[in-house]
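This is what each chain is made of:
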Amino acid sequence: MILNTPIDMHLHLREGKILKDVIPYTTNQFAAAVIMPNLIPPVDNREKLESYKAEILENSENFTPLMNLFMREYTEEELLDLSEDIFAIKLYPAGITTNSENGVKSIEAIYPVLEIMQELDIPLSVHGETNGFVLDREREFGAVYKKLAIDFPKLKVIMEHVGTADLLSLLDEYENLYATVTLHHLLLTLDDVAGGMLNPHYFCKPIIKTPKDKMEIQKFVKSGHKKIMFGSDSAPHPIKNKLKGAAGVFSAPVILPALAEFFEGDNETFQKFISDNARENFNLNLPERQVELIEEEWIAPYIVGDIKPMWAGKKFRYKVKNAV
Ligand code: NCD
Ligand code: ZN
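Rules and cut-offs
Residues numbered from 1 in each chain as written. Chains lettered and ligands numbered in written order. Predicted model: local features only at pLDDT ≥ 70, side-chain atom pairs only at ≥ 80, totals over all residues. Heavy atoms only, no water. Pairing = 2+ DSSP bridges. Helix = DSSP H or I, 4+ residues; strand = E, 2+ residues; numbered from the N terminus. Axes fitted to C-alpha atoms, helices over the stretch in contact; angles between N-to-C directions. Contact = heavy atoms within 4.5 Å. Donors = N, O, S within 2.8 Å, 3.2 Å for Na, K, Ca; no water. Tetrahedral: all angles 85-135°; square planar, octahedral: opposite > 155°, others 65-115°. 1 Å grid on protein atoms, 1.4 Å probe; cavity = no way out; pocket = protein on both sides within 12 Å on 5 of 7 lines; lining within 4 Å. Points joined across faces, edges and corners; volume = space filled by probe spheres on them. Nonpolar A, V, L, I, M, F, W, Y, C, P; charged D, E, K, R; others polar. Polar contact = N/O pair within 3.5 Å; in protein donor to acceptor, adjacent residues only side chain to side chain. Buried < 20%, exposed > 50% of the residue type's maximum accessible area, 1.4 Å probe, protein only. Near = heavy atom within 4 Å. Areas by Shrake-Rupley, 256 points an atom, 1.4 Å probe, with all protein chains shown as cover.

A. Region of interest: the sheet that holds strand β5 (residues 88-91). Pairing is parallel across the open sheet formed by eight strands, whose spatial order is β2-β3-β4-β5-β6-β7-β8-β9. Where the open sheet ends on each side, the last strands, each with one partner, are β2 (7-11) and β9 (228-230). Averaged over all adjacent pairs, the angle separating strand axes in this sheet is 30 degrees, with direction ignored. By the bridge criterion, three bridges tie strand β8 (residues 177-181) to β9 in an arrangement that is parallel. Bridged to V181 within β9 is F230. The sheet strands contacting helix α2 (residues 46-58) are β3 (32-35) and β4 (64-70), and the helix crosses β4 at an angle near 150 degrees.

Have a look at this one:
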């Protein structure tokens with residue numbers, strides 16, 4: 001099976017050694033990825049944007065990093081300067097996930113930035129969680145998504161890593177809302193995290209939810225909904241940090257083999273989810289690159305550097321032709 005120009009619409013690569021360890025697992029499967037800016041300090045100025053992009057390019061080939069900026073109170077002048085070099089700006093509510101301490105404390109405070117983004121056609125990417133009860137956080141954030149969609153009707157808003165079925169209906173209600181879905185929210189439930197022995201490697205924000213949420217997400221994805229795009233949220237943390245409670249699933253190595261089994265035979269919907277929807281929704285003009293999957297047994301790596309991948313050691317029926 002050949003996939004044309006697969007894109008990961010939500011990826012954490014980190015920097016330095018971790019980046020070097022994990023990046024081959026993305027670049028052998030994806031032609032491009034949207035790179036998340038939650039570094040310490042965050043990617044929120046031209047200098048950091050350029051040095052980070054250069055680090056990614058030095059460590060990859062035939063791969064397009066689509067850079068995101070970390071939301072802060074940017075001026076119009078700054079955004080005019082940066083708009084050509086970024087894909088989107090990522091809004092993290094303060095303190096809600098990994099490295100988001102300097103995130104947004106009040107959405108109203110960034111309304112002037114959102115006005116400018118709307119004018120310049122810069123999409124807004126959102127980590128949509130309140131600080132309520134952990135299983136309700138995404139559903140509660142639905143009200144914020146609605147308000148953003150109404151107050152900025154020309155601003156494209158991406159609901160990232162949707163794990164709650166309630167958010168999916170917003171896609172048809174508001175023209176300017178889009179969603180990304182991760183591999184783990186598509187294929188796992190809270191039982192995989194905490195139903196048996198605690199599995200800290202599947203602990204992430206937003207937390208993986210109920211079988212009903214999973215079924216609804218699968219239904220939307222299988223339906224080929226145009227506004228749903230694949231975004232792995234692959235978020236590597238060294239094992240010792242995971243054992244201290246760090247949130248994030250490192251799914252990068254297993255993505256296409258797992259999705260090939262999920263879509264089994266429906267290559268058309270697979271192609272839309274992994275690339276075409278994103279390219280059409282955001283007019284992405286990327287160099288085309290074919291990625292081939294072959295029907296051959298493949299075992300997911302047990303360890304990558306100091307990081308344990310999702311489904312480490314699991315057998316898959318499909319293998320990426322140029323597997324790492
Ligand atoms: C991400 C990370 O580790 O950077 N963690 C996560 O649980 N998803 C941050 C994020 O996207 O929320
Ligand atoms: Zn993320």
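B. Geometry of the coordination of the zinc ion (ligand 2). At 2.0 to 2.1 Å from the zinc ion (ligand 2) lie its protein donor atoms, namely H10 (NE2), H12 (NE2) and D233 (OD). Every donor counted, the four donor atoms about the zinc ion (ligand 2) form angles of 90 to 141 degrees at the centre, which fits irregular coordination. In the primary sequence, the donor residues of the zinc ion (ligand 2) line up as H-x1-H-x220-D.

C. Structural context of the layout of surface pockets. Approximately 470 Å³ is the volume found for the largest pocket. S83, I86, F87, F282 and L284 are the residues nearest the centre of the largest pocket, which is lined by 21 residues in total. Of all the elements, β4 adds the most residues to the lining of the largest pocket, at four residues. Taken together, the residues of the lining of the largest pocket break down into 12 nonpolar, four polar and five charged. When its volume is computed, the second largest pocket comes out at roughly 190 Å³. Forming the boundary of the second largest pocket are P93, A94, I96, V104, K105, S106, I107, E129, T130, N131, F141 and V144. Its residues assigned to classes, the lining of the second largest pocket comprises seven nonpolar, three polar and two charged.

D. The side chain of T130, seen in detail. Structurally, T130 can be placed in the loop between β6 (124-126) and α5 (137-151). Of the polar contacts made by the side chain of T130, one reaches the backbone nitrogen of G132; its length is 3.1 Å. Setting aside anything within four residues of it in sequence, one finds T130 in contact with I96, R137, E140 and F141.

E. The arrangement of helix α4 (residues 111-120) in detail. For α4, the complete set of buried residues consists of Y111, V113, L114, I116, M117 and Q118. Following α4 by one or two positions, D121 has its phi on the positive side, about 60 degrees.

F. Local environment of the site of ligand 1. The environment of ligand 1 is made up of 15 residues, and the closest members are R14, N38, T97, K205 and D233. One nitrogen or oxygen atom from the side chain of N38 is found 2.8 Å from an oxygen atom belonging to ligand 1. In this structure, an oxygen atom belonging to ligand 1 sits 3.1 Å away from a side-chain N or O atom of T98. Burial of ligand 1 by the protein chains amounts to 100% of its free accessible area of 310 Å². Residues of the shell around ligand 1, tallied by class, amount to three nonpolar, nine polar and three charged.

G. Quick look at unusual backbone geometry. Cis geometry marks the peptide bond from I40 to P41; its omega dihedral reads -10 degrees. With respect to the secondary-structure elements, P41 resides in the loop between β3 and α2. Residue P206 follows K205 across a cis peptide bond; omega there is -10 degrees. Relative to the assigned elements, P206 resides in the loop between α9 (190-194) and α10 (211-222). Residue N99 is not a glycine yet carries a positive backbone phi of 50 degrees. Notably, D233 is not glycine yet its phi reads approximately 55 degrees, a positive angle. Structurally, D233 is set in the loop between β9 and α11 (239-242). The exposure class of D233 is buried, given its relative accessible area of 7%.

Note that every value here comes from positions in space, so none of it alone points to a role or purpose.
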